[in-house]
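# Inside the fold
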Amino acid sequence: MPKRKPDNTSYKILLEPYPTDKYFSINHIYRIKFPYGLITAKPDPCLQPDWNIYYDAILCHSKYEASYFKVFSNPIVIGSLKYKSIKSNSNNEKQTLLYLPTYGELSSIDELINTLHELKSKYYIIVKFHHGTSFLNNEKNRLDNLKNVVDEWYDLNTNLSDLFTKSDVVLSDNSSATFEALYNNIPVAIFSNNINKKLGDFNTLQHDLVESNILPYTNQTKNIPEILSLACSDEYRKKQNNIKEQLFYISDKAESEFLEAIKNYLNDNINLKYKQLHDVLVNDYILKNNLIKDINKKNELLSNKISKQEQEYMILQNNNLDLQNLTNSLKSQIEAQNKILSEYDNGKLYRLAKKIYTIYFKIFKNN
């Protein structure tokens, strides 16, 4: 059953789309990750160790993706539970364009508002918001602007499969919905300012498909009509259908494959040596991760202390500079007063000497 709050129950299997440890902790024996998309579109953060290393198994819908999930865990390839056979059944006079943006810095909504308005002359436009935007206050203005432009809009409460049935072409950016469209044979094109937010040297899949000339792509809004037309062409339809067979594991036994994977863990019908050694790896990772966090926390405290001392030192330096300036000012005043006194004294002596010489010359002159 879905859990929103922790309890003291110990579960045989904890099934998650990503780690929820930062929200609450659930007691478990086995931990299995299930995908909320068909293939990961964002290696960062979705392929980071923190998102994957804790799992005893990772369910995948792609042998391609399973080949590199082996780095972290035991990947189990099963058919997609989300999609059966879907066929486009668009009844609009215009072609129906399904716009599927992601959220955050990789979203294309801000750049495409005006372009979508222009595209309405040729396309009937529907949009499904990324599920994350329903809970993010900083996305509200974007969505409000989008609602005012498109013909229909949907949030996380609508299944994407329902929208594919009435769509002729998909426009996306860095959303994993790009691959959902490929899986369902809906032509797809990409607009994005950055399709390759890499993790180390690991490229995004959408970047690789653009480089292979399978996904029509542009980062110029003026070229969007062109890439949409390309996506609908026989040439690109064939390319995208072919890559679908390479990327995805397509099965009509998805439910039984999922249940078999779960039953194997419920009945401990797994390689226990793998589980035991993987636990050693995970515990070692957690220990070292916690040590790093402790060191970083201590470094932060020391940095704050150093920063405070530097501020105090600067205050002392400024006070010392003020004292020096005051001392120099007083010295200047003393020198000025000494000069005045010197000039005064010199003036008196000069007049006294002149008076003496005058008397002296009068005496000698009379004699």
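Scoring rules and cut-offs
Residues numbered from 1 in each chain as written. Predicted model: local features only at pLDDT ≥ 70, side-chain atom pairs only at ≥ 80, totals over all residues. Heavy atoms only, no water. Axes fitted to C-alpha atoms, helices over the stretch in contact; angles between N-to-C directions. Helix = DSSP H or I, 4+ residues; strand = E, 2+ residues; numbered from the N terminus. Parallel < 35°, antiparallel > 145°, perpendicular 65-115°, else oblique. Contact = heavy atoms within 4.5 Å. Nonpolar A, V, L, I, M, F, W, Y, C, P; charged D, E, K, R; others polar. Salt bridge = Lys/Arg side-chain N within 4 Å of Asp/Glu carboxyl O. Buried < 20%, exposed > 50% of the residue type's maximum accessible area, 1.4 Å probe, protein only. Pairing = 2+ DSSP bridges. Expected span 1.5 Å × (residues − 1). Arc of directions from axis to C-beta. Core = buried A, V, L, I, M, F, W, Y, C linked by side-chain atoms within 4.5 Å.

### Notes on the packing of helix α9 (residues 224-232) against helix α10 (residues 234-247)
Between α9 and α10, the shortest axis-to-axis distance is 5 Å and the interhelical angle comes to 65°. The angle between α9 and α10 places the two elements in the roughly perpendicular class. When α9 is examined against α10, the residues L230, A231 and C232 are found in contact with a partner set consisting of D234, Y236 and R237. In terms of residue class, the contact of α9 with α10 is built from 4 nonpolar, no polar and 2 charged.

### As for the pattern of salt bridges
A side chain with one charge may pair with a side chain of the opposite charge, provided their charged atoms come close. As enumerated under the stated definition, the model contains 10 salt bridges in all. Ionic pairing is found between E180 and K82, a salt bridge with its closest N-O pair at 3.0 Å. Here E180 is found in helix α7 (residues 177-183), whereas its partner K82 is found in the loop between β4 (75-77) and β5 (95-100), with 98 residues between them in sequence. Among the residues examined, E180 registers a relative accessible area of 2% and is labelled buried. For K82, a relative accessible area of 42% puts it in the partly exposed group. A salt bridge links K275 to D279; its shortest N-O distance comes to 3.2 Å. Of this pair, K275 and D279 are both found in helix α12 (residues 272-366), 4 residues apart, which corresponds to roughly one turn of the helix. Here the residues in one salt-bridge network are E16, D21 and R31, joined through shared partners.

### Observations concerning the sheet that holds strand β2 (residues 27-33)
An order of β1-β2-β3-β4 is seen for the 4 strands of this open sheet, with the pairing classed as parallel. Two strands lie at the open edges of the sheet, namely β1 (10-16) and β4, each paired on one side alone. With strand direction ignored, the average angle separating the axes of adjacent strands in the sheet is 30°. Here strand β3 (residues 57-60) runs beside β4; their pairing, made up of 3 bridges, is parallel.

### Focus: the sheet that holds strand β7 (residues 152-154)
Spatial strand order, β7-β6-β5-β8-β9-β10: 6 strands in an open sheet with parallel pairing. Two strands in the sheet have a free side with no partner beyond their single neighbour: β7 and β10 (217-218). Summarising the sheet, strand β8 (residues 169-172) and strand β9 (residues 188-191) pair through 3 bridges and their orientation is parallel. Across the sheet, the residue bridging to S172 is I190, located in β9. Of the strands in this sheet, β5, β6 (123-128), β8 and β9 are in contact with helix α4 (residues 109-119), which crosses β5 at around 170°.

### Considering α10
Look at α10: 20 Å from first C-alpha to last across 14 residues, which is about the 20 Å you get at 1.5 Å a residue. Of all the positions in α10, only Y236, Q240, I243, K244 and L247 are classed as buried. Along the axis of α10, the buried positions cluster into a sector of 115°, meaning they face one direction only. Every exposed residue of α10 that faces more than 90 degrees away from the buried side is listed here: D234, K238, E245 and Q246. Tucked inside the fold, the buried residues of α10 contact α3 (63-69), α7, β9, α8 (205-211) and α9.

### Focus: the nonpolar core
Taken as a class, soluble globular proteins show a tendency for nonpolar side chains to be buried jointly. Counting residues in hydrophobic clusters, the biggest one holds 37 residues, and the most contacted among them are F164 and L209. Those elements giving two or more residues to this core turn out to be β3, α3, β5, α6 (160-164), α7, β9, α8 and α10. If one sorts the elements of this core by residue count, α7 sits on top with 5 residues.

### Some details on the pairing of β5
Counting buried positions over the 6 residues of β5 gives 5, a clear majority of the element. Where β5 meets β6, 5 bridges bridge the pair, whose relative direction is parallel. Each bridged residue has a counterpart across the sheet, and for T96 the counterpart in β6 is Y124. Bridge count for β5 against β8 is 4 bridges, and the pairing is parallel. Bridge pairing in β8 links L100 to S172.

### Topic: unusual backbone geometry
Put simply, D44 and P45 share a cis peptide bond, and its omega is 20°. Following the sequence through the fold, P45 ends up in helix α1 (residues 43-46). Here N185, not a glycine, exhibits a phi torsion of approximately 60°, which is positive. Considering the arrangement of structural elements, one finds N185 in the loop between α7 and β9. The phi dihedral of N213 is positive, around 65°, even though this residue is not glycine. In this fold, N213 is placed in the loop between α8 and β10.

### Focus on the pairing of β6
The buried fraction of β6 is high, at 5 of 6 residues. Where β6 lies against β7, 3 bridges are found, and the strand directions are parallel. Looking at β7, one finds that K128 is bridged to Y154.

The analysis is restricted to geometry; functional conclusions fall outside its scope.
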